[in-house]
Amino acid sequence: RSVKLICPSMRTEDRDKGYGVRDKKNPAPARPADSTTSGYLIVGGIALAYYAILNLLYFKKNGWPSAPGPDIWYFLAVSRGLQPLSLLDLSYWLAKPLAGLGPETAFLALNTASILLHAGSTLLVYHYLGKLLRIEPGVRLLTALFFAALPQNILPSTAFFTHFTVAQPFLILAAGRLLPW
């Protein structure tokens, strides 16, 4: 029987189940539903909508542009060269392109970057729950949304920007690569 691998670098467990294997007599079985992009789109869409709604409610109550702490204003000052920050700091390189924008536009851009980074962290949690722990899709979805609703994600994504905002996706990526599973 001749079998040809479509993608030799695929995960061993997928190869063992026959995914990606082309056989003329027995076609490869369909991949499970949780491996499609629909789960990622749902989680990402809900997280983005959740953070956007929280920001709208915050600005409705406190006015535009307002912030619960000075951090976002510090990074806007860094972008204009008014505050020091190491060139080795990734936050510097995220804030620096905002130097030419007006204060309100730069505030909006930095706030949007914060929302996108936190939504990205939620997607990484969703991804690694499936990849490392093989959790059912429905449970993965709820767990990722619970992660998005944790206070350490809500506050920094609502009219805020901190080093944690930038570091969190990298910490999740590193943990996903360093765990022995």
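The numbering scheme is per chain: residues are counted from 1 as the chain's sequence reads. Two thresholds apply to this predicted model, a pLDDT of at least 70 for residue-level local features and 80 or more for giving and counting side-chain atom pairs, whereas whole-chain, interface and lining totals are computed over all residues. In computing side-chain values, all of the structure's heavy atoms are included and hydrogens and water are not.

K.L.:
Hey, could you run me through the packing of helix H5 (residues 103–131) against helix H6 (residues 137–148) in this one?
P.N.:
To describe two helices that pack against each other, one gives the angle between their axes and the distance between the axes. Each axis is a line fitted through C-alpha atoms, and for a helix only the stretch in contact is used; angles between axes span 0 to 180 degrees, taken between their N-to-C directions. Numbering of helices and strands starts at the N terminus; helices are DSSP runs of H or I of at least 4 residues and strands are runs of E of at least 2. Orientation of H5 relative to H6, taken along the N-to-C sense of each, is 150°, at an axis distance of 9 Å. By the angle between their directions, the pair H5 and H6 is classed as roughly antiparallel. Crossing angle aside, the handedness with which H5 passes H6 is right-handed. In this structure, H5 uses Ser121, Thr122, Val125, Tyr126, His127, Leu129 and Gly130 to contact H6, whose residues at the interface are Pro137, Arg140, Leu141, Thr143, Ala144, Phe147 and Ala148. What sets the label is the angle itself: under 35 degrees gives roughly parallel, over 145 gives roughly antiparallel, 65 to 115 gives roughly perpendicular, and the rest give oblique. Whether a crossing is left-handed or right-handed is set by the direction in which the near helix is turned from the far one by less than a right angle, anticlockwise for left-handed and clockwise for right-handed. Residue contacts are counted whenever heavy atoms from the two residues lie within 4.5 Å of one another.

K.L.:
What am I meant to see in the packing of aromatic side chains here?
P.N.:
The geometry of an aromatic ring pair is captured by the separation of the ring centres together with the interplanar angle, meaning the angle of the planes. A pair of aromatic rings is counted whenever rings of Phe, Tyr or Trp (Trp by its six-membered ring) have centres within 6.5 Å, and the orientation is called stacked for planes under 30 degrees apart, edge-to-face for over 60 and tilted otherwise. Inspection of the entire model under this criterion finds ten aromatic pairs. Plain terms: the ring middles of Tyr40 and Tyr126 are 5.1 Å apart, the flat faces sit at 85° to each other, and that makes the pair edge-to-face. Taken together, the residues span a long stretch of sequence, with Tyr40 in helix H2 (residues 38–62) and Tyr126 in helix H5 at a distance of 86 residues. Relative to Phe161, the ring of Phe75 has its centre 5.1 Å away and its plane inclined at 80°; by these criteria the two rings are edge-to-face. Of this pair, Phe75 sits in helix H3 (residues 71–79) while Phe161 sits in the loop between helix H7 (151–154) and helix H8 (163–178); the two residues are 86 residues apart in sequence, bridging distant segments of the chain. Taken together, the ring pairs in this structure connect Tyr58, Phe59, Trp64, Trp73 and Phe107 into an aromatic cluster. A cation over a ring is seen here: Arg140 above Tyr126, with NZ or CZ 4.0 Å from the ring centre. Two conditions define a charge sitting above a ring: the NZ of Lys or the CZ of Arg must be within 6 Å of the ring centre, and it must be within 35 degrees of the ring normal.

K.L.:
How should I be thinking about H6 in this particular structure?
P.N.:
Structural remark: α-helix, 3.6 residues per turn; residues separated by three or four positions point the same way. Here a helix's expected span is defined as the number of its residues, less one, multiplied by 1.5 Å. A rise of 1.5 Å per residue sets the reference length of H6, with its twelve residues, at 16 Å; its end C-alpha atoms lie 16 Å apart and thus fit the reference within 8%. Among the residues making up H6, those that are buried are Arg140, Ala144, Phe147 and Ala148. Projection of H6 onto a plane perpendicular to its axis shows the buried side chains occupying an angular sector of 100°, all on one side. Facing away from the buried side of H6 by more than 90 degrees, the exposed set consists of Leu142 and Phe146. Packed against the buried residues of H6 are H2, H5, H7 and H8. For the exposure calls, accessible area comes from a 1.4 Å probe over protein chains only, and a residue counts as buried if that area is under 20% of its type's maximum, exposed if over 50%, partly exposed in between. Working note: the arc is built from the helix axis to C-beta atom directions.

K.L.:
Before we go on, may I ask you to explain the packing of H2 against H6 in this structure?
P.N.:
At a minimum axis distance of 10 Å, the contact between H2 and H6 shows a crossing angle of 25°. Regarding the angle of H2 to H6, the classification is roughly parallel. In this structure, H2 meets H6 at a crossing whose hand is right-handed. Residue-level inspection shows Tyr40, Ile42, Val43, Ile46, Tyr50 and Tyr51 of H2 in contact with H6, the latter providing Arg140, Leu141, Ala144, Leu145 and Ala148. Note on residue categories: nonpolar means Ala, Val, Leu, Ile, Met, Phe, Trp, Tyr, Cys or Pro, charged means Asp, Glu, Lys or Arg, and polar means any other residue, Gly included. The residue makeup of the contact of H2 with H6, split by class, is ten nonpolar, no polar and one charged.

K.L.:
Help me understand H2, please; the structure alone is not making it clear to me.
P.N.:
For H2, which comprises 25 residues, the first-to-last C-alpha distance of 36 Å matches the rise-based estimate of 36 Å (1.5 Å per residue) to within 8%. By the burial criterion, the buried members of H2 are Gly39, Val43, Gly44, Ala47, Tyr51, Asn55, Tyr58 and Phe59. Here the buried face of H2 lies against H5, H6 and H7. Gly63 sits one or two positions beyond H2 and adopts a positive phi of about 90°.

K.L.:
I tried to follow the confidence of the model for the protein chain on my own but got confused; where do I start?
P.N.:
pLDDT expresses, on a scale from 0 to 100, how confident the predictor is about each individual residue. Taken as a whole, the protein chain shows an average pLDDT of 81; of its residues, 78% reach a score of 70 or greater. Predicted confidence in the protein chain is weakest over strand E1 (residues 4–5), with a mean pLDDT of 48, and strongest over H2, with 92. Contacts from residues 28–34, a stretch scored under 50 in pLDDT, to residues over four places away or in other chains number 13 contacts.

K.L.:
Explanation requested: unusual backbone geometry in the structure shown.
P.N.:
In terms of backbone geometry, most residues other than glycine have negative phi values and most peptide bonds are trans. Cis peptide bonds are those with omega within 30 degrees of zero, and the linkage from Trp64 to Pro65 qualifies with -20°. Within the secondary structure layout, Pro65 lies in the loop between H2 and H3. Located in the positive-phi region is Arg134, a residue other than glycine, with phi close to 55°. Phi is positive for Ala159, close to 50°, though the residue is something other than glycine. Checked against the element boundaries, Ala159 lands in the loop between H7 and H8.

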